[in-house]
Amino acid sequence: MWEWIAGLIWLMGILAVTGAVLGQDERENFMPLMRLAVLLYILRLISLLPGS
Amino acid sequence: MWELIAAVAGPPAKLFALIIVLSAAALAADFAVPQFREWTRLFLLVSAGAAAMGPAIDAVRMMDGLVGKMTGLFLGIYPVLAAGMAAAGGALSLINWNPAVFLFVQGAVVIGGKWMVPLLIVSFILDYLSRLVPEIPFTRISEMIRVTLLGAISVIIACYSLFITATGAMAWSSGSALAEPIKALLRQHVPLIGSFITDTMGVVGKYSSGMAPIAGSYLIVALLVTSLSPVAYVLLTAFLYKWIAALCEPFAHEDLAGFFDDIGKTLFVLCGIMLIVAFAIFYTAVLSIILIKVIAGAG
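The rules behind each value
Residues numbered from 1 in each chain as written. Chains lettered and ligands numbered in written order. Predicted model: local features only at pLDDT ≥ 70, side-chain atom pairs only at ≥ 80, totals over all residues. Heavy atoms only, no water. Patch = residues over 30% accessible without salt bridge, like charges linked within 9 Å, V, L, I, M, F, W, Y side chains within 5 Å. Areas by Shrake-Rupley, 256 points an atom, 1.4 Å probe, with all protein chains shown as cover. Salt bridge = Lys/Arg side-chain N within 4 Å of Asp/Glu carboxyl O. Helix = DSSP H or I, 4+ residues; strand = E, 2+ residues; numbered from the N terminus. Buried < 20%, exposed > 50% of the residue type's maximum accessible area, 1.4 Å probe, protein only. Phe/Tyr/Trp six-rings, centres within 6.5 Å; stacked < 30°, edge-to-face > 60°. pLDDT = per-residue confidence, 0-100. Contact = heavy atoms within 4.5 Å. Core = buried A, V, L, I, M, F, W, Y, C linked by side-chain atoms within 4.5 Å. Buried area = accessible area lost by both parts, 1.4 Å probe. Polar contact = N/O pair within 3.5 Å; in protein donor to acceptor, adjacent residues only side chain to side chain. Nonpolar A, V, L, I, M, F, W, Y, C, P; charged D, E, K, R; others polar.

**Regarding a nonpolar patch on the surface**
All names here are of chain A.
- Residues Phe30, Leu33, Leu36, Leu39, Leu40, Leu43 and Ile46 make up a contiguous nonpolar surface patch of roughly 660 Å² in combined accessible area.
- Considering the arrangement of structural elements, one finds Leu39 in helix 1 (residues 2-48).
- Given the relative accessible area of 46%, Leu39 is considered partly exposed.

**Comments concerning the packing of aromatic side chains**
Residues and elements named next belong to chain B.
- On inspection of all chains with the given rule, the structure shows 6 aromatic pairs over all chains.
- Ring centres of Tyr241 and Phe260 lie 6.1 Å apart, and the angle between their planes is 35 degrees; on these two criteria the pair is classed as tilted. Of the two residues, Tyr241 is situated in helix 7 (residues 217-248) and Phe260 in helix 8 (residues 254-296); the sequence distance between them amounts to 19 residues. Each member of the pair, Tyr241 as well as Phe260, carries the same accessibility label: buried.
- Note on Phe259 and Phe260: the rings are 6.3 Å apart at their centroids and 35 degrees apart in plane angle, and the pair reads as tilted. Each member of the pair, Phe259 as well as Phe260, is classed as buried.
- Through a chain of ring-to-ring contacts, the aromatic side chains of Tyr128, Tyr241, Phe259 and Phe260 assemble into a single cluster.

**Let's talk about the confidence of the model for chain B**
All names here are of chain B.
- Residues at a pLDDT of 70 or more form 67% of chain B, whose mean pLDDT is 74.
- Per-element mean pLDDT across chain B ranges from 55 in helix 5 (residues 176-189) up to 82 in helix 1 (residues 2-32).
- Low pLDDT (under 50) marks residues 167-175, which in the prediction has 18 contacts with non-local residues, meaning those over four places away or in another chain.

**Points about the nonpolar core**
- Met12 of chain A together with Ile136, Phe260, Leu267 and Leu270 of chain B are the most contacted members of the largest nonpolar core, which totals 74 residues.
- Put simply, the parts of the chain that give this core at least two residues each are helix 1 of chain A together with helix 1, helix 2 (37-87), helix 3 (99-132), helix 4 (139-166), helix 7 and helix 8 of chain B.
- Counting residues per element, this core draws most heavily on helix 8 of chain B, which supplies 16 residues.
- Dropping the residues within four chain positions of it, Ile136 of chain B is found in contact with Met12, Leu15, Met31, Met34, Arg35 and Val38 of chain A together with Ser130 of chain B.

**Structural notes on the interface of chain A and chain B**
- The partner chain B presents 14 residues to the 18 residues of chain A that form the contact.
- At the boundary of chain A with chain B, total buried surface from both sides reaches about 1500 Å², with 81% on carbon and sulfur atoms.
- When residues of chain A are sorted by the area they lose upon contact with chain B, Trp2, Met12 and Ala20 of chain A head the list and together hold 33% of the total.
- Where chain A touches chain B, the interface holds 0 salt bridges.
- Inspection of the chain A/chain B interface yields 1 residue pair in polar contact (both at pLDDT 80 or more).
- Taken together, the residues of the side of chain A that touches chain B break down into 14 nonpolar, 2 polar and 2 charged.

Right, here's the structure in full:
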């Protein structure tokens, strides 16, 4: 669980830096991709749950 | 008392000074190089956010350590206490004695250590992440964590009240009429957990008024102060975060003020958990005293 949280912090940190690099307008375009990355990461949590 | 306030207020005061310096630097950078506004915001949030976590995580760690010690104490002392009380003869007919409370105290401490502390830390982190990348918010998850924890706390406190008052032997002492306005004030003005504070005050008050003739009122007061001082510590820290948020708002980045506000909210939930632990400490200490009195033949 803690590893998952640490991974989430890394992912969001990378996304924050990417967002700053891209700038305001391009960030709007890349937002679906960023959300997809978060979605895929959250799916990993479900596989970590006991019984799955 | 002043030592406690000074010890609690020290780290948040340093944090506030740091926030002022960082905000001044960020505002100057925004003015000088407006094209790097995004980067300035990112650096401000990373540095100030990391610093802001410090006192809050300290409070959670203190709670974690306290719960760990309590778990050890319970597991060690309760079988001895229970067996001693049964063996002392007539102990089970003591007023205020209810074996079922053992279950709840122990359960509360185990749940508090195993679930509540990690969930609170996760709630801090999610609040921070949703401020860091505002386009991907986790605010609802952290709000749900807080609401769920508050629900669990309220159920546990309700069970305490139920089991302790089930014997019917306890009533408020004559000071209850005086206490009502204080309770109403607390309930309305302490955010989120005001009613928990007053409920727990009621339970502890009922319990201690029943215990005072047996254990001695000075001892009861000393035990209350000792067990409630961590609660005061966390409550003060939570209010200091709210104060920092309020003082920062005019000049700091709005995400920063919101983040401090969220930390304050989560610490209020932590304060609710601390109340349960404080009650558990109080209960164990009082039971130990009763056991000694019963064995010595003075009960």
